[in-house]
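# What the coordinates show
These are the residues of each chain, in order.
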2 protein chains.
Amino acid sequence: MRRDNISMAVIRRMPKYYRYLDELHQNGVDKISSRALAEQMGLTASQIRQDFNCFGGFGQQGYGYHVETLRNEIASIIGIDRKHNAIILGVGNIGRALIRNFQFSQCGFSLLAAFDADAAMAGDVINKVPVLHIDELERFCKENRVEIAILTIPSKYAQTMAAKLTELGIKGLWNFTNVELKVCEDVIVEDVHFSDSMMTLCYRISEE
Amino acid sequence: MRRDNISMAVIRRMPKYYRYLDELHQNGVDKISSRALAEQMGLTASQIRQDFNCFGGFGQQGYGYHVETLRNEIASIIGIDRKHNAIILGVGNIGRALIRNFQFSQCGFSLLAAFDADAAMAGDVINKVPVLHIDELERFCKENRVEIAILTIPSKYAQTMAAKLTELGIKGLWNFTNVELKVCEDVIVEDVHFSDSMMTLCYRISEE
DNA sequence: TTGCCTCTGTTAAGTTTTTCACAGCACAAA
DNA sequence: TTTGTGCTGTGAAAAACTTAACAGAGGCAA
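In what follows, the accompanying structure is described.

## Observations regarding the overall build of chain A
- Helix and strand content of chain A: 9 helices and 9 strands.
- Seen through its C-alpha atoms, chain A measures out along the principal axes to roughly 60 × 45 × 35 Å.
- For chain A, with 208 residues in total, the buried portion stands at 50%.
- Taking as baseline every contact in chain A between residues at least 6 positions apart, the subset at least 24 positions apart corresponds to 56%.
- Of the accessible surface of chain A, which amounts to about 10,000 Å², a share of 46% is contributed by carbon and sulfur atoms.

Next comes the structure, spelled out in structure tokens:
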């Protein structure tokens, strides 16, 4: 399974494949052809075969793809079959929403703790996740192998916090602030820019 | 200003341009060259010039771009200088987070009302936005020119609700559920798939 | 077993997107 | 005014990405 030089375009389709295959599997579907999957997903069969081939190809000629096998292969490619430790910074509305509702384990993560600058929250437990004061961040990161941090703090603190987390050896940041973070290049930043998404929608509904 | 056949790749960069230009403007910067902007944004100067040229080109040879003018042109292209009426469906954690924190007006929208199936919430007002019972949706849409709906409801209701909203003449859906919505093609769906984003991060931190 | 049909992996063609290169305008300095 | 530098708009080249096409493997029925 060669996973070098895989283009971002392909990578960003993998979670979607996973989602569809997982649903098919749960509906008891055993096998599926690239054509059938393409139709459901709104892609072309060629693209699907091409995509899977980036990782070696998991189908069988004349048969198609075995849904469960393919799903598991994709899970393994993405890495969600392993557990990566995560922490969340900022227990405001969005932070709380993620802690309560987001299925971290289904995305390969384990949410170890939440941090907030508000001392009044320290000691709380939300959805089994302990809330700690931000002053404990450094100690916590040193004691636990934290791989990613989720930024749901106010924008003005984002860059400073990103720098601190970089120092503490974090590998990835899931950034919900509307700030473009500058970090050294071995730290991965995945942005969730609500406003960009909303503005795109704004443009698209205005077209005729 | 020709805005037909603009590729999605270009469109998705426009909000980012807007963000940077707005910040430059607020910092008192008057003019900027494509090269300087490229450096800040992590793009190439060529791409920036190419992008702006899709809409006619707003710069001046030998000078560069006038920040405020360019920002306003982009705002007008995206459509955030107009006001589009929006409603939000589902006042759970994410819904509440958006109502409280998201700057709708800065993205060209005006959030008229929130809807929830929980009758106990009806009559509440969150951040000046009235919460109505879902039964009032139809009446409300008929009385107000609602252009987009934000889906922050449980996934299992998403498809049904999308169909209903389509009937009511909605133009766009901002979809926070992890369901792939099937709607007729003149309705625009803009997905915010947290899990796709998180899985992509998962993949990327695993690479070496 | 044979023959037919389906479907993948893979190479090639086509399309889109990005980058390069440069003519020519604008401003500043002399 | 003239000269030089900086910068855009634009057409062409390069790269990336998607779609098409097809050989051949495998299933299935007779």
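## Regarding the sheet that holds strand β5 (residues 125-126) of chain A
- Across the sheet, which stays open at both edges, the 7 strands sit in the order β5-β6-β4-β3-β7-β8-β9 (chain A) with mixed pairing between neighbours. One side of each edge strand has no neighbouring strand; the edge strands of this open sheet are β5 and β9 (188-191) of chain A.
- Pairing between strand β8 (residues 172-175) of chain A and β9 of chain A: 4 bridges, direction parallel. The partner of G172 of chain A across the bridge, within β9 of chain A, is I188 of chain A.
- Contacts from helix α8 (residues 194-206) of chain B reach β3 (84-89), β4 (109-116), β7 (148-151), β8 and β9 of chain A, with the element oriented near 170 degrees to β9 of chain A.

## Describing the packing of aromatic side chains
- Summed over the entire model, instances satisfying the criterion amount to 20 aromatic pairs over all chains.
- Note on F102 of chain A and F194 of chain B: the rings are 6.5 Å apart at their centroids and 75 degrees apart in plane angle, and the pair reads as edge-to-face. Placement of the pair is F102 of chain A in the loop between α6 (93-101) and β4 and F194 of chain B in helix α8, with the two residues belonging to separate chains.
- Accessibility expressed as a relative area gives 10% for F194 of chain B, which makes it buried.
- Here F102 of chain B and F104 of chain B contribute two aromatic rings whose centre-to-centre distance is 4.9 Å and whose plane-to-plane angle is 80 degrees, an arrangement assigned as edge-to-face. Assigned by exposure class, F102 of chain B and F104 of chain B land together as buried.
- Connected via pairs of aromatic rings, a cluster forms that spans F102, F104, W174, F176 and F194 of chain A together with F102, F104, W174, F176 and F194 of chain B.
- Over the aromatic face of Y63 of chain A sits the side chain of K31 of chain A, whose NZ or CZ is 4.8 Å from the ring centroid.

## Let's talk about the protein's contact with DNA strand D
- Close to DNA strand D lie 24 residues; Q50 and Q61 of chain A together with S34, N53 and G62 of chain B are nearest.
- Within 4 Å of the protein, the atoms of DNA strand D are drawn from sugar and phosphate moieties in a proportion of 62%.
- Measuring from a base oxygen of DNA strand D, one finds a side-chain N or O atom of Q50 of chain A at 2.5 Å.
- R35 of chain B places a side-chain nitrogen or oxygen 2.7 Å from a phosphate oxygen of DNA strand D.
- Counting residues per element, the ones that place at least two in the surface near DNA strand D are α4 (45-53) of chain A together with α2 (34-41) and α3 (45-53) of chain B.
- Take the surface near DNA strand D: its biggest share by element is 4 residues, from α4 of chain A.
- Considering only residue class, the surface near DNA strand D consists of 3 nonpolar, 17 polar and 4 charged.

## Some words on the relation of the copies chain B and chain A
- Rotating chain B by 180 degrees and moving it 0.0 Å along the rotation axis overlays it on chain A with an RMSD of 0.1 Å. Seen this way, the second copy is the image of the first under a two-fold rotation axis.
- Mapped onto chain A, 100% of the interface residues of chain B are again interface residues, and the two copies thus contact each other with one and the same surface.

## Observations concerning the environment of E39 of chain A
- The topology assignment puts E39 of chain A in helix α3 (residues 34-41).
- In this structure the C-alpha to C-alpha distance between E39 of chain A and L89 of chain A, which are 50 residues apart in sequence, comes to 40 Å.

## Notes on the side chain of S195 of chain A
- Tracing the chain through its elements places S195 of chain A in helix α9 (residues 194-206).
- Its relative accessible area of 14% is what places S195 of chain A among the buried residues.
- Each residue touching S195 of chain A, except ones within four places of it in the same chain, is listed here: F102 and C107 of chain B.

## A look at the packing of α2 of chain B against α3 of chain B
All names here are of chain B.
- Contact pair α2 / α3: the axes reach a minimum separation of 8 Å and the direction vectors enclose 110 degrees. Judged by the angle between their axes, α2 and α3 are roughly perpendicular. In the packing of α2 onto α3, the handedness of the crossing is right-handed. Contact residues: α2 offers S34, R35, L37 and A38, while α3 offers A45, I48, R49 and F52.
- Residues of the contact of α2 with α3, tallied by class, amount to 5 nonpolar, 1 polar and 2 charged.

## Some details on the sheet that holds strand β5 (residues 125-126) of chain B
- Taking strand neighbours across the sheet as the criterion, the 7 strands line up as β5-β6-β4-β3-β7-β8-β9 (chain B) in an open arrangement whose pairing is mixed. Each edge of the sheet is formed by a strand with only one pairing partner; in this case those strands are β5 and β9 (188-191) of chain B.

## Topic: α3 of chain A
Residue and element names in this part refer to chain A.
- All of the buried residues along α3 are S34, L37, A38 and M41. The buried residues of α3 occupy an angular sector of 105 degrees when the element is viewed end-on, so they sit on one face. Counted as exposed and oriented over 90 degrees from the buried face of α3: R35 and E39.
- Among the structural elements, α2 (14-26), β1 (31-32), α4 and β2 (65-66) are those in contact with the buried residues of α3.
- Downstream of α3 by one or two residues, G42 has phi in the positive range, about 75 degrees.

## Some remarks on the protein's contact with DNA strand C
- Taken together, the neighbourhood of DNA strand C is formed by 24 residues, with S34, N53 and Q61 of chain A together with S46 and Q50 of chain B sitting nearest.
- Atoms of DNA strand C within 4 Å of the protein: sugar and phosphate make up 63%, bases the balance.
- At 2.9 Å from a phosphate oxygen of DNA strand C is found a main-chain nitrogen or oxygen belonging to G59 of chain A.
- Y65 of chain A places a polar side-chain atom, nitrogen or oxygen, 2.9 Å from a phosphate oxygen of DNA strand C.
- For the surface near DNA strand C, the elements supplying multiple residues, two or more each, are α3 and α4 of chain A together with α3 of chain B.
- Here the surface near DNA strand C takes 4 residues from α3 of chain B, the largest share from any one element.
- Each residue belonging to the surface near DNA strand C can be placed in one class, and the counts come to 3 nonpolar, 17 polar and 4 charged.

About the criteria used
Residues numbered from 1 in each chain as written. Chains lettered and ligands numbered in written order. Predicted model: local features only at pLDDT ≥ 70, side-chain atom pairs only at ≥ 80, totals over all residues. Heavy atoms only, no water. Helix = DSSP H or I, 4+ residues; strand = E, 2+ residues; numbered from the N terminus. Buried < 20%, exposed > 50% of the residue type's maximum accessible area, 1.4 Å probe, protein only. Contact = heavy atoms within 4.5 Å. Areas by Shrake-Rupley, 256 points an atom, 1.4 Å probe, with all protein chains shown as cover. Pairing = 2+ DSSP bridges. Axes fitted to C-alpha atoms, helices over the stretch in contact; angles between N-to-C directions. Phe/Tyr/Trp six-rings, centres within 6.5 Å; stacked < 30°, edge-to-face > 60°. Lys NZ or Arg CZ within 6 Å of the ring centre and 35° of its normal. Near = heavy atom within 4 Å. Polar contact = N/O pair within 3.5 Å; in protein donor to acceptor, adjacent residues only side chain to side chain. Nonpolar A, V, L, I, M, F, W, Y, C, P; charged D, E, K, R; others polar. Least-squares fit on C-alpha atoms with pLDDT ≥ 70 in both. Parallel < 35°, antiparallel > 145°, perpendicular 65-115°, else oblique. Left-handed = near helix turned anticlockwise from the far one by under 90°. Arc of directions from axis to C-beta.

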